[in-house]
Amino acid sequence: MVERKLLVLFGSQTGTAQDTAERIGREAKRRHFSCRVEALDSYEVANLINEPLVVFVCATTGQGDPPDNMKMFWRFLFRKNLPPGSLCQLDYAVLGLGDSSYPKFNFIAKKLHKRVLQLGGNPLLPVALGDDQHDLGPDAVIDPWLLAFWDKILALYPLPPGLEIISPAVRLPPKYTLHYLAEDSTHPDGGPLQLAAPRAVPSELHPFAARMVSNQRVTAESHFQDVRLIEFDVSGSGLTFSAGDVVMIQPQNSPEDVQQFCRLLRLDPDRRFVLKPTEPSTSLPALLPQPCTIRYLVTHYLDISCVPRRSFFELLSYFSTNELEQEKLQEFSSAQGQEELYSYCNRPRRTTLEVLWDFPHTTCAVPPDYLLDLIPLIRPRAFSIASSMLAHPDRIQILMAVVRYKTRLSKPRRGLCSTWLASLNPDQGDVRVPLWVKKGGMKFPADADTPVIMIGPGTGVAPFRAAIQERVAQGCRGNYLFFGCRQKSKDFYCQAEWEELVAKGFLTLFTAFSRDQEEKVYVQQRIRENRRLVWELLSGGSAHLYLAG
């Protein structure tokens with residue numbers, strides 16, 4: 001009997017590819033496959049030559065780049081010395097997630113499919129190209145592709161005698177079980193931030209708990225938008241970065257939301273538990289201390305403010321004891337109900353917590369064991385670093401707009417990370433923020449004589465502030481900045497700093513304040529007015545041009 005073993009490997013940036021990979025994992029379990037779902041970079045890539053059956057689910061990010069959690073796999077796969085037939089035993093399929101409004105639509109999935117084929121792999125189906133731009137999102141492609149995939153797989157690996165596909169009406173077991181500890185057991189609480197091990201370079205798995213030094217509003221109080229210049233002390237972290245790099249910040253839920261969530265699900269926030277995987281091959285969540293309190297789990301781990309995905313409604317429907325609620329949840333998780341789900345959830349940006357409010361009978365029946373299957377983990381947020389180590393050693397500064405906007409829901413929508421950071425006050429004690437640094441997409445010229453033209457309207461100026469500080473510290477004078485905002489008196493970020501550099505001859509500054517006169521003026525008009533200079537710098541001075549928005 002052929003071993004019925006399936007491996008699902010994903011490369012995911014925002015969580016959609018991971019969600020899809022986990023869906024395939026659930027469908028495999030219903031068909032009695034032994035199945036593992038893993039991020040590509042968590043998988044020991046050398047074992048690929050022994051795998052009989054693999055599904056790759058991968059997103060394309062930016063301008064045709066692989067997601068962060070498959071970058072090492074990507075480099076390995078394209079090594080020149082891999083023998084052409086090394087994957088000849090592998091049956092595989094590739095499911096891509098992309099956005100057709102970008103020129104390199106699903107580039108990673110297409111290239112991966114081609115490369116595995118080159119290495120001798122046997123494709124079971126043409127590559128699936130999920131598209132965010134479709135009215136029904138990537139599911140419009142995923143749903144029919146998966147039906148064809150399972151038809152193909154069950155023909156190759158028929159169900160063992162006497163077994164049938166587990167009906168969709170049956171709930172699958174949870175990934176983990178929560179074992180509550182006796183109230184009086186004396187374990188330290190999994191409370192404080194897990195600090196980076198000494199000498200380990202801070203990373204997603206070992207963030208550095210940086211002290212917030214200052215949190216300053218840089219827009220006028222009367223201005224509609226709250227923008228902050230925030231400074232962190234990273235001394236002793238071992239972090240190094242250059243202009244154009246990015247700081248990743250791990251946010252947390254507000255105490256009010258945590259309290260509300262626990263009340264809705266009838267959870268005691270101070271109860272302590274340990275997690276046990278249901279299957280021995282499942283690893284424990286990396287960032288969760290053991291033992292842990294419910295409060296810590298909900299505050300630091302569960303993304304209760306994200307807009308829930310279709311899979312959330314599918315799992316939630318199994319717990320429903322109320323017929324009306326269950327019908328609605330099943331409709332939202334069906335292929336036919338996707339337009340209605342979009343207008344209920346995605347268009348108004350309704351959060352997981354708000355959805356749980358709308359389904360009270362179901363919510364109070366959710367077993368705690370299923371929390372980690374139901375709600376994804378909080379993802380880190382990326383910010384352009386707005387300072388240079390040469391100007392501010394041991395410091396990282398960011399320029400951050402606090403995200404707040406209206407939809408048809410009565411309560412304004414708020415960004416999880418920016419709202420949390422804006423609420424922190426370093427004058428009221430020791431405030432710590434978990435962070436690490438990532439290489440950015442912008443590289444500034446090493447040669448001091450190369451002029452640099454930077455176009456940075458609004459908070460898009462952040463990486464250019466880092467670049468200008470770095471270049472000034474190195475004595476470079478060819479710095480040209482086009483900056484735009486609404487009003488000189490309200491949102492002209494870093495005005496004094498720019499004016500001082502202009503006076504010293506280090507910076508040539510062009511500004512466009514769109515609302516300061518009758519006719520609106522934007523940076524593109526300033527570029528047009530100075531087209532001769534811009535062209536001279538580009539054609540004669542081999543200038544580099546950068547744009548950030």
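Rules used throughout
Residues numbered from 1 in each chain as written. Predicted model: local features only at pLDDT ≥ 70, side-chain atom pairs only at ≥ 80, totals over all residues. Heavy atoms only, no water. UniProt positions renumbered as here; feature names shortened; annotations may be inferred. Pairing = 2+ DSSP bridges. Helix = DSSP H or I, 4+ residues; strand = E, 2+ residues; numbered from the N terminus. Axes fitted to C-alpha atoms, helices over the stretch in contact; angles between N-to-C directions. Contact = heavy atoms within 4.5 Å. Buried < 20%, exposed > 50% of the residue type's maximum accessible area, 1.4 Å probe, protein only. Right-handed = clockwise from strand over helix to strand, strands pointing away. Phe/Tyr/Trp six-rings, centres within 6.5 Å; stacked < 30°, edge-to-face > 60°. Lys NZ or Arg CZ within 6 Å of the ring centre and 35° of its normal.

- Looking at an unreviewed UniProt entry, one finds the chain named NDOR1 oxidoreductase, with Jacana jacana as its source organism.
- Within the UniProt record for the chain, the comment given under Catalytic activity (unreviewed entry) is "2 oxidized [2Fe-2S]-[protein] + NADPH = 2 reduced [2Fe-2S]-[protein] + NADP(+) + H(+)".
- Of the comments in the UniProt record for the chain, the one headed Subunit (unreviewed entry) reads "Interacts with CIAPIN1; as part of the cytosolic iron-sulfur (Fe-S) protein assembly (CIA) machinery. Interacts with DCPS."

Some details on the sheet that holds strand 21 (residues 544-547)
So, step 1. The four strands are arranged 20-19-18-21 in an open sheet whose pairing can be described as parallel. The two strands at the open ends of the sheet, each matched to only one other strand, are strand 20 (507-513) and strand 21. Mean inter-strand twist for the sheet, computed between neighbouring axes without regard to direction, equals 10 degrees.
So, step 2. Along the sheet, helix 14 (residues 462-473) contacts strand 18 (452-455), strand 19 (479-485), strand 20 and strand 21; its crossing angle with strand 18, the most-contacted strand, is approximately 155 degrees.
So, step 3. The strands that helix 16 (residues 495-503) touches are strand 19 and strand 20; relative to strand 20, the one it contacts most, it runs at about 140 degrees.

Quick notes on the environment of Y493
So, step 1. Positionally, Y493 belongs in the loop between helix 15 (488-491) and helix 16.
So, step 2. Taking the relative accessible area as the measure of exposure, Y493 reaches 3% and is therefore buried.
So, step 3. Taking the C-alpha atoms as reference, Y493 lies 12 Å from Q225; in sequence the two are 268 residues apart.
So, step 4. Sequence-distant contacts of Y493, that is, excluding residues within four places in its chain, are made with V218, T219, Q225, V227, L399, G458, T459, V461, F483 and W498.

Thoughts on the pairing of strand 2 (residues 34-39)
So, step 1. Taken together, the six bridges between strand 1 (residues 5-11) and strand 2 define a ladder with parallel strand orientation. Opposite L9, over in strand 2, you have E38 as the bridge partner.
So, step 2. Between the parallel elements strand 1 and strand 2, the chain passes through helix 1 (residues 16-30) in a crossover that is right-handed.

Quick word on helix 7 (residues 310-319)
So, step 1. Summarising burial for helix 7: eight of the 10 residues are buried, a large majority.
So, step 2. Inspection of helix 7 places R310, S311, F312, F313, L315, L316, S317 and F319 among the buried residues, and these make up the whole buried set.

Overview of the packing of aromatic side chains
So, step 1. Within the structure shown, the criterion is met by 18 aromatic pairs.
So, step 2. Between F149 and W150, the ring centres sit 4.9 Å apart and the planes meet at 70 degrees, which makes this aromatic pair edge-to-face.
So, step 3. Relative to Y344, the ring of F313 has its centre 6.4 Å away and its plane inclined at 70 degrees; by these criteria the two rings are edge-to-face. Placement of the pair is F313 in helix 7 and Y344 in helix 9 (residues 338-346), with a sequence separation of 31 residues. For the pair F313 and Y344, one class covers both residues: buried.
So, step 4. Lying over the aromatic face of Y180, R271 brings its terminal NZ or CZ to 4.2 Å of the ring centre.
So, step 5. A cation sits over an aromatic face here: R477 above F506, 4.3 Å from the ring centre.

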